[in-house]
Amino acid sequence: MKLSLKIALIFIVFTSVSCDKEERLQSKLEGTWELRHIEGGYRPANSPSDYEPGNGNILKFDGNKFQQKYGTNPAINGTYTIIEEEAEVNGEKLSHKIDFQSDQNVIDLYFKISGGKLSLYYGHIAADGFVSTYEKQ
């Protein structure tokens, strides 16, 4: 009986710690982000890798909803969840990805938030992947 109670308490503590971590991460993700830099990937000739403020490339997270806007193109809308999943991408150890749900074609992305910047990993740079870095508005 005591062993079962201890196991149940350990499970509850582990689950609540994991939920708190996800909630803190979602809280950091919340808000409006604007594209500042793209590293790697295939880009058309003369397309920039650095973007000035006010460029119109916006990613917004509000609760469990997201909106992605690229310049004058129609916005992509949907919901998202954060998934704890470890991977190494471009030499970076990442531990979370965003699972986007939308009518439009949006892929799940590993991400990192550091120093007021959000980095989204679209595969490996060596395989035509790229990393988009956004700054919080």
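Residues numbered from 1 in each chain as written. Predicted model: local features only at pLDDT ≥ 70, side-chain atom pairs only at ≥ 80, totals over all residues. Heavy atoms only, no water.

Draft legend 1. Focus on the sheet that holds strand β6 (residues 109-114). In spatial order, the strands read β1-β2-β3-β4-β5-β6-β7-β8; together these eight strands close into a barrel with antiparallel pairing. Between one strand axis and the next, the sheet turns through 35° on average, direction left out of account. Taken together, the four bridges between strand β1 (residues 31-40) and strand β2 (residues 57-62) define a ladder with antiparallel strand orientation. Among the inter-strand pairings, threonine 32 is bridged to a residue of β2, identified as lysine 60. (Pairing = 2+ DSSP bridges. Helix = DSSP H or I, 4+ residues; strand = E, 2+ residues; numbered from the N terminus. Axes fitted to C-alpha atoms, helices over the stretch in contact; angles between N-to-C directions.)

Draft legend 2. Examining the pattern of salt bridges more closely. Within this structure, the stated rule accounts for five salt bridges. What emerges from the salt-bridge pattern is a single network uniting Glu34, Arg36, Lys117 and Glu135. (Salt bridge = Lys/Arg side-chain N within 4 Å of Asp/Glu carboxyl O.)

Draft legend 3. Here's a closer look at the packing of aromatic side chains. All chains considered together, the criterion is met by three aromatic pairs. With a centroid separation of 4.9 Å and 75° between ring planes, the pair formed by phenylalanine 61 and tyrosine 80 is classed as edge-to-face. Taken as a pair, phenylalanine 61 in strand β2 and tyrosine 80 in strand β4 (residues 76-89) lie far apart in primary sequence, 19 residues in all. A relative accessible area of 1% means that phenylalanine 61 is categorised as buried. Tyrosine 80 sits in the buried class, given a relative accessible area of 2%. (Phe/Tyr/Trp six-rings, centres within 6.5 Å; stacked < 30°, edge-to-face > 60°. Buried < 20%, exposed > 50% of the residue type's maximum accessible area, 1.4 Å probe, protein only.)

Draft legend 4. Representation of the side chain of histidine 96 within the structure. Tracing the backbone through its elements, the reader meets histidine 96 in strand β5 (residues 92-101). By relative accessible area, histidine 96 is classed as buried at 5%. Side chain to side chain, histidine 96 and serine 95 meet in a polar contact 3.0 Å long. (Polar contact = N/O pair within 3.5 Å; in protein donor to acceptor, adjacent residues only side chain to side chain.)

Draft legend 5. Highlighting the side chain of serine 132. Within the fold, serine 132 resides in strand β8 (residues 130-136). You can call serine 132 buried: its relative accessible area is 2%. Filtering out sequence-adjacent residues up to four positions away, serine 132 remains in contact with Leu35, His37, Ile38, Leu118, Ser119, Leu120 and Tyr122. (Contact = heavy atoms within 4.5 Å.)

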